[in-house]
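# Structural characterization, general
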Amino acid sequence: MKLMSLSGKLIAAAAAISLGLTACGGTTPANPTDSPAATGGGGGGEASGDLSITFLPKNLGNPYFDTSSKGGKAAVEEFKGTFAEVGPASATPDAQVSYINTLTQQQVGAIVVSANDPQAICDALNEARDAGTKVVTFDSDTNPECRDLFVSQADAAGIAKVQVDMIAEQIGDAGEIAILSASANATNQNAWIDLMKKDLADNHPNIKMVEVVYGDDDDQTSFDKTAALIQTYPELKGIVSPTTVGIAAAARYLSTSSAKGKVAITGLGTPNQMREYVKDGTVKEFALWNPEDLGYLSAFAAKNLIDGTIKGAEGDSFEAGKLGKFTVGADSVVLLGDPYRFNADNIDDFDF
Amino acid sequence: MMSLERTYQDYGHPLWRRWLVNRESAIIVLLIAVLAYASIAVPKFATPATLTYLLLDVATILMIALAMTPIMITGDIDLSVGSMVGLSSVVFGVLFQAGWSIPVAIIAALAVGALGGALNGLLVTRIGLPALAVTIGTMALFRGIAVGLLGTTAVTKFPKEWTSLAKAKIPGTPIPMVMILFVVLLIAFALMLHFSSFGRGVYAIGRSKDAAAFYGVNVARTRLILFIISGVIAALGGIYYTLRYGSARGDNATGLELQVIAAVVLGGVSVFGGRGALHGVIAGVLLIGALSSALRLANVTADVINIITGVLLVVSVVASSLIDWVQARRTKRLNRTSSTPQPATVG
C-alpha cells in the first residue's frame, strides 16, 4: 500500500520532469518574438496593417477607464479591428511593464495606454515599438520619446482653469480651500495642481489653499482624508478633487456630514458617480471631458498609425469617426477638446 | 512537541525518500508541470522572451526571498522589506541627483538598508518585541520617510549604461545579467543556511529558542544578523528595481513584502518556523511568476490571476498542515504499537 503510493508519486514526478524537459527543449528553436535590443528611440516599425488594438488602463475596475475602454471598443468595432483590454489590479508601473512585455510578445498592432509613471514604462514601450507595435498614450502621458502619439483629454491649462473657476463661483471667491488628489506621483493631477496654485495666486487673492492631501484613488482613503480635512480646518469653504474616485468619496462623506452646505465640493467627476450628490444638493457643479470620446479618439488614432495614414508628426490629420477630424499638435499630442461642466440641469443627459 | 515528533519521523525514512517526497519537491514538480502545460497550451509562452521577462519580473522578489527565508525559519518575519525597497530607491535616487557617483550612491543606499535592518533586529532582540509588530511599524516608517524625501517627484535621469545593464541579457542567452548577481547571492545564502553551524542554529531557533540557547546558539545575535542581512538585501533589491524601471519614487514596490512572503510560504517555509529550504523558495517564486506570466499571455484578467495564485497558496498551506497532522497521528500510533511487547517468533 505504502510502496504503491510511493511509486505512484515517483512515476508522476518522473513523467512531469520528462514533460518539462521536452517542453524546455522545444523552447529553444521557437524564437519569433525574441525582441531586438531596445535602441531607445524606437518606433521604426513598418505599418503592419494588423488592427488588433489593446487598451492598457492604469488599472482595471476603475469606472473611468471602463468608460474609456467602452469608447475604444465601439471605435474598434466600427473599423472592424480586434479590441482587447488588459491591465493590473492596482495602479502600479511595474505591473504595467509586465503587461506591455506580454503585449510585445503577442505582437499586437497597437497599445493604447494610460501611464502609471512617465518614465518607468518607457523602455518597455520602446521595446514594443521596436517590434512593430504602435503606442498611443491617453489620459496620462509618458515621456514623449516613448510613444507615437498622446491623446490628451483637454489641455492642462483648461482643466486647471475650469476647476478654479467652479470653486471660486461656489464659495464666493474668498476663503480656505483644500485639494484632494489621487496618488502623490500622479502625472496629470500634479500638473493641474501646480497650474491651479498659480491661477489662484494670480487671479483669486482671497482664496487660500491650505493643503493638498492624497487619497491614492482609493475610495476609503479618499473618504478618510476628506473627514480629516474637514476636522483639521474648521474654516474650510471648499474642496477641489481633480480625480473621479476622490470627488465621489468626498461627496459621499459630505452628504451625511454636518458640514454639508457649508463646504463646497467640486473637481473632476463622472455623472453616474456624482448624480445622487448633485440631486441631493451636496455638489453644485463639477467638470470632466467625456472619457468615452477619449477612448474612441485614441482607438482611431491607433488605427491611423497602424494604417500608416499618420506618423504622429505635428500637422498630421485624421478622421475619427463620429468625432470628426483631428490634427496632431506639437510633441505629437492630439487634443480632445475643452472640459465640460455637469450640474443639475444637464446631468441626466449623460450616462457614464 | 508535534514538530519534534515529526522530525524523528522524517529521519526514520531513507535519504533518497526524504529528498524525493517532501514539500520542496512537490513545488518543483508543480513548477515543471505548469511550465510544461503552459508551453503546450499557451501561445507564445514557449519562447526565450518569456524567460527573459519572467526573470526580470521576479528578480527583486527572488533576491529578497533569499533573505526572508532564514528569518521565517527562525519564526520571525520581516514585513518592512517592500518599504525598504522604496526607501533605498529614494536614497539612491536623491544622492544620485545630488551629484554622487552611482557606485557611491549604491553603497550609501545599502548602508541605509543595514541601518533599517539593525533597527528591526534590535527592537526584536533587545526590547523583545514580536517581529510582526516591529516590522509592521517600520514598514510604515520606511515608506513614510521614502515618500517624505521625494514628495511628488521622481528621479529618472539615471545613466543609460546602468539602466540598460539592469535589463541586459547574458550574451547569447535569454537570461538577464541580474541572474549572475542572484546566483552569487544564492550560493552565499545556501552555504550560510544549509552548510554552516550558523545555519543549523537558524533551524534550531525556529524549533525552540530555549533549546537552541541551551545548545549553545547565540539566539539574539543570530536573529539580529538575519534582520541586518534582510535590510541590506532589500536595499539591493531597491537599487535594482530603480535601475530596472529607471525611476526612483517613494511608492516604488508598494506591497512587495506580501509577494515575497507568499512565495516563501508557497516554497515550503513554515510560518511557525523551523522548516524550509532555499530550493523550495526559489521554486515558489518562479511558480508564482510563471503562473502570472502564462495567465497574462492567455489573456486572463488580473483579478483572476490574483484569485488563482491566492487559491494555490491557501491550498498549499492547508495541504502541508494536513500532511503534518496525518504524520503526527501515524507517529503516535506507531509509537503505541512499538511500545507493546513483541512476540519473539516474528520474522
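Nothing here was measured: the structure is a model prediction, and the numbers come from that model.

Moving on: the UniProt feature "domain: Periplasmic binding protein" (unreviewed entry) in chain A. When the UniProt feature table is mapped to this numbering, "domain: Periplasmic binding protein" (unreviewed entry) covers residues 53-308 of chain A. With 48% helix and 20% strand, residues 53-308 of chain A has end C-alpha atoms that lie 15 Å from one another.

In this section: the state of the cysteines. Residue and element names in this part refer to chain A. The tally for this structure, following the rule as stated, stands at 1 disulfide over all chains. Across a sulfur-sulfur distance of 1.7 Å, Cys 122 and Cys 146 are joined as a disulfide pair. Judged by the sign of its S-S torsion, about 70 degrees, the cystine formed by Cys 122 and Cys 146 is right-handed. In this pair, Cys 122 is assigned in helix 4 (residues 122-130) and Cys 146 in the loop between strand 4 (134-138) and strand 5 (149-152), connecting sequence segments 24 residues apart. We classify Cys 146 as buried; its relative accessible area is 0%.

All names here are of chain A. Its place among the elements puts Arg 275 in helix 9 (residues 271-279). On the accessibility criterion, Arg 275 (19% relative accessible area) is buried. For Arg 275, the side chain forms a polar contact with the main-chain oxygen of Ile 347, separated by 3.0 Å.

The next point concerns the packing of helix 3 (residues 93-106) of chain A against helix 4 of chain A. Residue and element names in this part refer to chain A. For the pair helix 3 and helix 4, the least separation of the axes is 9 Å and the interaxial angle reads 5 degrees. Considering their axes alone, helix 3 and helix 4 lie roughly parallel with respect to each other. Across the interface between the two elements, Val 97, Ile 100, Asn 101 and Thr 104 of helix 3 pack against Ala 124, Leu 125, Glu 127 and Ala 128 of helix 4.

On to empty space enclosed by the protein. Following the criterion strictly, the structure yields 4 cavities of 30 Å³ or more and no others. Lining the largest cavity are 15 residues, with A:Tyr64, A:Asp139, A:Gln189, A:Thr243 and A:Thr244 sitting closest to its centre. Sorting the residues of the lining of the largest cavity by element identifies helix 2 (63-78) and helix 6 (187-203) of chain A as the ones contributing at least two each. At 3 residues, helix 6 of chain A tops the list of elements feeding residues into the lining of the largest cavity. Along the lines of polarity and charge, the residues of the lining of the largest cavity split into 7 nonpolar, 5 polar and 3 charged. In this structure, the second largest cavity occupies an estimated 80 Å³ of space. Lining the second largest cavity, in full, are A:Val97, A:Asn101, A:Gln119, A:Ala120, A:Asp123, A:Ala124, A:Glu127, B:Tyr53, B:Leu56, B:Lys167, B:Arg244 and B:Tyr245. Listed by contribution, the elements that provide at least two residues to the lining of the second largest cavity are helix 3 and helix 4 of chain A together with helix 4 (48-73) and helix 12 (219-245) of chain B. In terms of residues, the lining of the second largest cavity owes the most to one element, helix 4 of chain A, which gives 3 residues. Split by residue class, the lining of the second largest cavity holds 6 nonpolar, 2 polar and 4 charged.

To continue, consider helix 5 (residues 81-97) of chain B. All names here are of chain B. Its 17 residues give helix 5 an end-to-end C-alpha distance of 24 Å, which sits within 8% of 24 Å, the value for a rise of 1.5 Å per residue. Within helix 5, 15 of the 17 residues are buried, leaving the element largely enclosed by the surrounding structure. Following helix 5 by one or two positions, Gly 99 has its phi on the positive side, about 100 degrees.

On to the domain arrangement of chain A. Residue and element names in this part refer to chain A. Taken domain by domain, chain A holds domain 1 (52-153 + 291-336) and domain 2 (156-288). Centre-to-centre separation of domain 1 and domain 2, based on C-alpha positions: 29 Å. Contacts between the two partners involve 9 residues from domain 1, matched on the other side by 7 residues from domain 2. In this assembly, domain 1 packs against domain 2 so that about 630 Å² is buried in total across both faces, 53% of it on carbon and sulfur atoms. On the domain 1 side of the interface with domain 2, the three residues burying the most area are Pro 63, Tyr 64 and Gln 153, jointly 41% of the side's total. Put simply, domain 1 and domain 2 have 0 salt bridges between them. On inspection of domain 1 and its partner domain 2, the count reaches 1 residue pair in polar contact (both at pLDDT 80 or more). Residue composition of the side of domain 1 that touches domain 2, grouped by class: 4 nonpolar, 2 polar and 3 charged.

So, on to the environment of A:Ala249. All names here are of chain A. Mapped onto the fold, Ala 249 is located in helix 8 (residues 244-255). Considering only alpha carbons, one finds Ala 249 and Asp 165, 84 residues apart in sequence, at a separation of 22 Å. Ala 249 has contacts with Asp 219, Ser 222 and Phe 223, leaving out every residue within four places of it along the chain.

Before going further, it helps to spend a moment on the packing of aromatic side chains. Across all of its chains, the model carries 15 aromatic pairs over all chains by this definition. Geometrically, the ring pair formed by A:Phe223 and A:Tyr253 is edge-to-face, given 5.4 Å between the ring centres and 80 degrees between the ring planes. Taken together, the residues span a long stretch of sequence, with A:Phe223 in helix 7 (residues 219-232) and A:Tyr253 in helix 8 at a distance of 30 residues. A:Tyr253 shares its class with A:Phe223; the two are buried. In textbook terms, an aromatic cluster arises when at least three aromatic residues are bridged by ring pairs, as seen for A:Phe55, A:Tyr64, A:Phe65, A:Phe83, A:Phe138, A:Trp192 and A:Trp289. Above the ring of A:Phe79, the side-chain terminus of A:Lys303 is found at 5.7 Å from the ring centroid. The cationic tip of B:Arg296 hangs over the ring face of A:Tyr99; the distance from NZ or CZ to the ring centre is 5.6 Å.

A word on helix 5 (residues 156-171) of chain A. The end-to-end C-alpha distance of helix 5 of chain A, which contains 16 residues, comes to 23 Å, matching closely the 22 Å that a straight helix rising 1.5 Å per residue would cover. Those residues of helix 5 of chain A that sit buried are A:Ile159, A:Ala160, A:Val162, A:Gln163, A:Val164, A:Asp165, A:Met166, A:Ile167, A:Ala168, A:Gln170 and A:Ile171.

Further remarks concern the nonpolar core. When a protein is soluble and globular, its nonpolar side chains tend to lie buried together. Counting 103 residues, the largest nonpolar core has A:Ile100, A:Ile111, B:Met72, B:Phe92, B:Phe158, B:Val260 and B:Val264 as the members making the most contacts within it. Element by element, the count of residues in this core is highest for helix 4 of chain B, at 16 residues. Leave out the neighbours within four places in its chain, and A:Ile111 touches A:Thr54, A:Leu56, A:Ile100, A:Leu103, A:Ala128, A:Thr133, A:Lys134, A:Val135 and A:Val136. If you look at the next biggest cluster of nonpolar residues, it comprises 81 residues, including A:Phe79, A:Phe138, A:Trp192 and A:Ala251.

Below, the discussion takes up the pattern of salt bridges. A complete count under the given rule lists 20 salt bridges over all chains for this structure. In this structure, B:Arg249 and A:Asp117 form a salt bridge, with 2.5 Å as the shortest nitrogen-oxygen distance. One end of the pair, B:Arg249, is in the loop between helix 12 and helix 13 (256-266); the other, A:Asp117, is in the loop between strand 3 (110-113) and helix 4, on a second chain. Residue B:Arg249 shares its accessibility class with A:Asp117, and that shared class is buried. For A:Arg341, the salt bridge is made with A:Glu285, and the minimal N-O distance between the two is 3.2 Å.

Reading the values: rules and limits
Residues numbered from 1 in each chain as written. Chains lettered and ligands numbered in written order. Predicted model: local features only at pLDDT ≥ 70, side-chain atom pairs only at ≥ 80, totals over all residues. Heavy atoms only, no water. UniProt positions renumbered as here; feature names shortened; annotations may be inferred. Helix = DSSP H or I, 4+ residues; strand = E, 2+ residues; numbered from the N terminus. Disulfide = S-S within 2.5 Å. Buried < 20%, exposed > 50% of the residue type's maximum accessible area, 1.4 Å probe, protein only. Polar contact = N/O pair within 3.5 Å; in protein donor to acceptor, adjacent residues only side chain to side chain. Axes fitted to C-alpha atoms, helices over the stretch in contact; angles between N-to-C directions. Parallel < 35°, antiparallel > 145°, perpendicular 65-115°, else oblique. Contact = heavy atoms within 4.5 Å. 1 Å grid on protein atoms, 1.4 Å probe; cavity = no way out; pocket = protein on both sides within 12 Å on 5 of 7 lines; lining within 4 Å. Points joined across faces, edges and corners; volume = space filled by probe spheres on them. Nonpolar A, V, L, I, M, F, W, Y, C, P; charged D, E, K, R; others polar. Expected span 1.5 Å × (residues − 1). Domains from an automatic or database assignment. Buried area = accessible area lost by both parts, 1.4 Å probe. Salt bridge = Lys/Arg side-chain N within 4 Å of Asp/Glu carboxyl O. Phe/Tyr/Trp six-rings, centres within 6.5 Å; stacked < 30°, edge-to-face > 60°. Lys NZ or Arg CZ within 6 Å of the ring centre and 35° of its normal. Core = buried A, V, L, I, M, F, W, Y, C linked by side-chain atoms within 4.5 Å.

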